[in-house]
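Listed here are the chains, written in short residue letters.
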Amino acid sequence: MRRDVFQAIADPTRREIIQMVATTPLNVNTVAENFDVSRTAVYKHIKILTECGLIVMRQKGRERYCEAQLERLQEVADWAELYKKMWSARFGLLDNVLEGLQAKDKKPGRKK
């Protein structure tokens, strides 16, 4: 089952796992030791991250390592960029309105 990348980043534990393995692969036990939840709960988070394509599991000897595959986060960045552009444009218009109001207040003979 392929999950949506937004599901992966919706949970703070999963975001922390992504951050942990972003720079170097870690074995599953090392990841689990960093959380105050059961290993089973951490494994479920890792499974979701794997289904979302943000982590791949690599077998090295007897251990399984979580390796980040962060390319899918570009989908989130692209989505956020759309809203960033929209809000930047709206704030630009608001700035123009506020500057116009301030200019009116500064005209000579204007009572405050």
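As named in an unreviewed UniProt entry, the chain is Winged helix-turn-helix transcriptional regulator, taken from Chitinophaga fulva.

Engineer: What exactly am I supposed to notice about the packing of aromatic side chains here?
Structural biologist: Any two aromatic rings considered together are summarised by their centre-to-centre distance and by the angle between their planes. Here the structure, examined in full by the defined rule, presents three aromatic pairs. Ring geometry for Phe6 against Trp79: centres 5.5 Å apart, planes inclined by 75 degrees, an arrangement best described as edge-to-face. Residue Phe6 is located in helix H1 (residues 5-9), and its partner Trp79 is located in helix H5 (residues 73-105); the two are separated by 73 residues in the primary sequence. Since its relative accessible area comes to 27%, Phe6 is described here as partly exposed. Relative to Phe91, the ring of Trp87 lies with its centre 5.9 Å away and its plane at 35 degrees, an arrangement referred to as tilted. A residue pair is termed a helical-turn pair when its members lie 3 or 4 positions apart in one helix, as Trp87 and Phe91 do in helix H5 at four residues. An aromatic cluster of three or more residues is present, and its members are Phe6, Trp79 and Tyr83.

Engineer: Got a minute to help me understand the nonpolar core in this structure?
Structural biologist: The nonpolar side chains of a soluble globular protein tend to be buried, and buried together. Among the nonpolar cores identified, the biggest contains 21 residues, and Ile17 and Val31 are the most heavily contacted of them. Aside from chain neighbours lying at most four places away, what touches Val31 is Ile17, Met20, Val21, Leu26, Val42, Ile46 and Cys66.

Engineer: Looking at this structure, how should I read helix H4 (residues 39-51)?
Structural biologist: An α-helix turns once every 3.6 residues. As a result, residues three or four positions apart point the same way. Taking 1.5 Å per residue, 13 residues should reach 18 Å; H4 reaches 18 Å between its end C-alpha atoms and fits that length. Against the buried residues of H4 lie H1, helix H2 (12-21), helix H3 (28-32), strand S2 (55-60) and strand S3 (63-68). In the segment just after H4, Gly53 is the residue with positive phi, at about 80 degrees.

Engineer: Please clarify how the domain arrangement of the chain should be interpreted in this entry.
Structural biologist: Often the size quoted for an interface is simply the accessible area lost on bringing the parts together. The domain architecture assigned to the chain consists of domain 1 (5-68) and domain 2 (73-106). Taking only C-alpha atoms, the centre of domain 1 and the centre of domain 2 are 37 Å apart. The partner domain 2 presents four residues to the four residues of domain 1 that form the contact. When domain 1 packs against domain 2, close to 420 Å² is buried across both sides, 89% of that on carbon and sulfur atoms. Ranking the residues of domain 1 by area buried against domain 2 places Val5, Phe6 and Ile9 at the top, with a combined share of 80%. Inspection of the region where domain 1 meets domain 2 yields zero residue pairs in polar contact (both at pLDDT 80 or more). Looking at the side of domain 1 that touches domain 2 residue by residue, the classes come out as four nonpolar, no polar and no charged.

The rules behind each value
- Residues numbered from 1 in each chain as written.
- Predicted model: local features only at pLDDT ≥ 70, side-chain atom pairs only at ≥ 80, totals over all residues.
- Heavy atoms only, no water.
- Phe/Tyr/Trp six-rings, centres within 6.5 Å; stacked < 30°, edge-to-face > 60°.
- Helix = DSSP H or I, 4+ residues; strand = E, 2+ residues; numbered from the N terminus.
- Buried < 20%, exposed > 50% of the residue type's maximum accessible area, 1.4 Å probe, protein only.
- Core = buried A, V, L, I, M, F, W, Y, C linked by side-chain atoms within 4.5 Å.
- Contact = heavy atoms within 4.5 Å.
- Expected span 1.5 Å × (residues − 1).
- Domains from an automatic or database assignment.
- Buried area = accessible area lost by both parts, 1.4 Å probe.
- Polar contact = N/O pair within 3.5 Å; in protein donor to acceptor, adjacent residues only side chain to side chain.
- Nonpolar A, V, L, I, M, F, W, Y, C, P; charged D, E, K, R; others polar.

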